[in-house]
Amino acid sequence: MRRFLLALGLTPLAVLATAGIAQAAKPGHLDRSFGDGGWVSTRIVAHEYVDAVTIDSRKRIVAAGAAADNSLFGVARYRGSGRLDRSFSGDGKVTTEFPGSGIVFQWPSSVAIDSRGRIVAAGGECTYDDYPQEGGTIIGCETPVARYMPDGSPDTSFGGDGKVATDFGGTNRANSVAIDSKDRIVIAGEGVVARYRQNGTLDPSFSTGGVATPPTPAYLTSVAIDSQGRIVALGDRPAGDGYRFVLMRFLPDGSPDPSFGNGGKVVRPEDGLAFAVAINSKDQIMAAGGTLSQSGEPGDFRLAFYKEDGTRLGRWGGDGEVTTSFHDRHAARALSVGFDSRGRIVAIGGMGHAYALARYRRDGSLDRSFSGNGKATGRFALPQRRHAGLGVRGGAIDQRDRIVVAGGGHFLLARFIGYR
């Protein structure tokens, strides 16, 4: 490389400067080619935050979250440079309002993209008897799902106007959404898994009227679909003074998969909070979340790797589990998890107003080519701002193994180098 640069007529000083730039851009560092020094902040309407992010087949970043004080769905699409993609709704942004009366809050908590490039956002819509800050309580909730065409316009083939809201009873709402190989939409929430046909109606071929009841009660936080069309849902359930990881798998018809764990479920015996699930090409399952401190608050990252039958992958981390601490900081939790192009596991989360990233090798050890020790942390806020926003809410890995971290206030994104 040095001989090549000198052949081009670069001076030794230029060679050193070039090498210094290349050396600075290491895995785990901010990607300075993204936005403004690695950061992008977008005003949708007002008082907005990102709750979920994904990346499409053209490396465009799609972020979804609440806008206008939780009264609108907000979706934005960005080019790889971090600029808003103006081929999406004219300015890169779109908002959607679901009808309701009274004091209504609505927000998307998850986003996914189907095989036709259509964007699906799902979340919650709850009505209160008074404003929460005034002591109001929830009257009832629905699960709103919106689908957008690749240009950002509402997909009118979905529910007639691009919107569907379903009342599953109680305070049920969608915490996670996934798309199967037939572009059917699967949502998971507070004790419910449901599947929608492409036109927005519940799929009658799935369990009972499109709705499956988990084999054990749980607050489901994440859902994914494996290569055989089986649905894997992760959540937690109260147990004494703490919570237990619950992992479950459903067959494509919505029935619990008897070949997985105990009657379709795996319950981790120790306390912990569950937030994210991912599936690799071998249909092995990675579950991520956090440990619980004595006060009941999140403590460290905790990841567990499962074989296809629901038993832990013992060779990963020694017993199929890994716990990762971030210095002397507490309240760390992994909110998103995924596999990069080399099969390494990337966990994305936060600690209060800081971001926390960890990358693991195939054996479960921390990948020390990432930020020197396998971990990266820092303040999740624009450098020029004195106060941080709402902290990290989610993340995603792109086709070049770069890590996108999302949260708020505003739609705040950061991207980190991931190659090597």
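Residues numbered from 1 in each chain as written. Predicted model: local features only at pLDDT ≥ 70, side-chain atom pairs only at ≥ 80, totals over all residues. Heavy atoms only, no water.

Chemist: Tell me about unusual backbone geometry, and please be specific about residues and values.
Modeler: Phi at Asp69 takes a positive value of approximately 55 degrees, unusual for a residue other than glycine. Classification of Asp69 by relative accessible area gives partly exposed; the value is 46%. A positive phi angle is found at Ser207, which is not glycine, with a value near 50 degrees. Look at Ser207 and you get partly exposed, because its relative accessible area is 33%. (Buried < 20%, exposed > 50% of the residue type's maximum accessible area, 1.4 Å probe, protein only.)

Chemist: Explain the nonpolar core to me, using residue names and the numbers behind them.
Modeler: Membership of the largest hydrophobic core comes to 21 residues, with the highest contact counts inside it found for Phe301, Leu303, Trp316, Val337, Ile345 and Tyr360. Of all the secondary structure elements, the ones that give two or more residues to this core are β18 (273-279), β19 (285-292), β20 (298-306), β22 (332-339), β23 (345-351) and β24 (354-360). (Core = buried A, V, L, I, M, F, W, Y, C linked by side-chain atoms within 4.5 Å. Helix = DSSP H or I, 4+ residues; strand = E, 2+ residues; numbered from the N terminus.)

Chemist: Please provide a residue-by-residue account of the side chain of Arg402, values included.
Modeler: Looking at the element boundaries, Arg402 is found in the loop between β26 (391-397) and β27 (403-408). In terms of polar contacts, Arg402 uses its side chain to reach the side chain of Asp398, at 2.6 Å. (Polar contact = N/O pair within 3.5 Å; in protein donor to acceptor, adjacent residues only side chain to side chain.)

Chemist: Would you mind going over the state of the cysteines in detail, with residue names and values included?
Modeler: Here, the word disulfide means a covalent bond between the sulfur atoms of two cysteines. If you walk through the whole model with that rule in mind, you get 1 disulfide. A sulfur-sulfur separation of 2.0 Å characterises the disulfide bridge that pairs Cys126 with Cys141. On the sign convention where negative is left-handed, the bridge of Cys126 and Cys141, at about 105 degrees about the S-S bond, is right-handed. Residue Cys126 is located in strand β7 (residues 119-128), and its partner Cys141 is located in strand β8 (residues 138-148); the two are separated by 15 residues in the primary sequence. Residues Cys126 and Cys141 agree in their burial class; the two are buried. (Disulfide = S-S within 2.5 Å.)

Chemist: Which residues make up the environment of Ser87, and what are the values?
Modeler: Positionally, Ser87 belongs in the loop between β4 (72-78) and β5 (93-96). Classification of Ser87 by relative accessible area gives partly exposed; the value is 40%. Ignoring anything within four residues of it in the chain, the contact list for Ser87 reads Arg60, Arg77, Arg79 and Asp151. In terms of polar contacts, Ser87 uses its side chain to reach the side chain of Arg77, at 3.2 Å. At 2.7 Å, the side chain of Ser87 forms a polar contact with the side chain of Asp85. (Contact = heavy atoms within 4.5 Å.)

Chemist: Outline the packing of aromatic side chains, listing residues and values.
Modeler: Counted by the stated rule, this structure contains 8 aromatic pairs. A network of ring pairs unites the aromatic residues Phe305, Trp316, Phe339 and Tyr360 as a single cluster. When the ring centre of Phe98 is taken as reference, the NZ or CZ atom of Lys163 above it lies at 5.7 Å. Of note, Lys375 hangs over the ring of Phe326, and the distance from its end group to the ring centre comes to 5.7 Å. (Phe/Tyr/Trp six-rings, centres within 6.5 Å; stacked < 30°, edge-to-face > 60°. Lys NZ or Arg CZ within 6 Å of the ring centre and 35° of its normal.)

Chemist: Report on the layout of surface pockets, specifying residues and quantitative values.
Modeler: Left-over empty space is what a probe sized like a water molecule reveals as it rolls over the atoms. Its boundaries defined by the atoms lining it, the second largest pocket holds a volume of some 270 Å³. Asn280, Lys282, Gln284, Gly343 and Arg362 are the residues nearest the centre of the second largest pocket, which is lined by 13 residues in total. Of the residues assigned to the lining of the second largest pocket, the class counts are 6 nonpolar, 4 polar and 3 charged. (1 Å grid on protein atoms, 1.4 Å probe; cavity = no way out; pocket = protein on both sides within 12 Å on 5 of 7 lines; lining within 4 Å. Points joined across faces, edges and corners; volume = space filled by probe spheres on them. Nonpolar A, V, L, I, M, F, W, Y, C, P; charged D, E, K, R; others polar.)

Chemist: Give a detailed account of the side chain of Asn172, specifying residues and quantitative values.
Modeler: Tracing the backbone shows Asn172 in the loop between β9 (163-166) and β10 (174-179). Take Asn172: its relative accessible area is 11%, and that puts it in the buried class. At 3.2 Å, the side chain of Asn172 and the backbone nitrogen of Glu190 are in polar contact. Those residues within four positions of Asn172 in sequence are excluded, and the remaining contacts are Cys141, Glu142, Thr143, Gly189, Glu190, Gly191 and Val192.

Chemist: Requested: an account of the sheet that holds β4, with residues and values cited.
Modeler: The antiparallel open sheet is built from 4 strands, whose spatial order is β2-β3-β4-β5. If you trace the sheet from one side to the other, it starts and ends with β2 (49-55) and β5, each paired once. Taking the axes of each pair of neighbouring strands and ignoring which way they run, one obtains an average angle of 20 degrees across the sheet. (Pairing = 2+ DSSP bridges. Axes fitted to C-alpha atoms, helices over the stretch in contact; angles between N-to-C directions.)

Chemist: Which residues make up the pattern of salt bridges, and what values go with them?
Modeler: Evaluated as defined, the whole model comprises 29 salt bridges. Measuring nitrogen to oxygen at the nearest pair gives 2.7 Å for the salt bridge that ties Arg147 to Asp155. A residue is classified by how much of its surface remains accessible, and Arg147, at 1% relative accessible area, is buried. In this structure, Asp203 engages Arg195 in a salt bridge whose closest nitrogen and oxygen atoms are separated by 2.9 Å. Comparing Asp203 with Arg195 shows no difference in burial state: the two are buried. One continuous salt-bridge network, built from bridges that share partners, spans Asp226, Arg230, Arg249, Asp257, Asp283 and Glu308. (Salt bridge = Lys/Arg side-chain N within 4 Å of Asp/Glu carboxyl O.)

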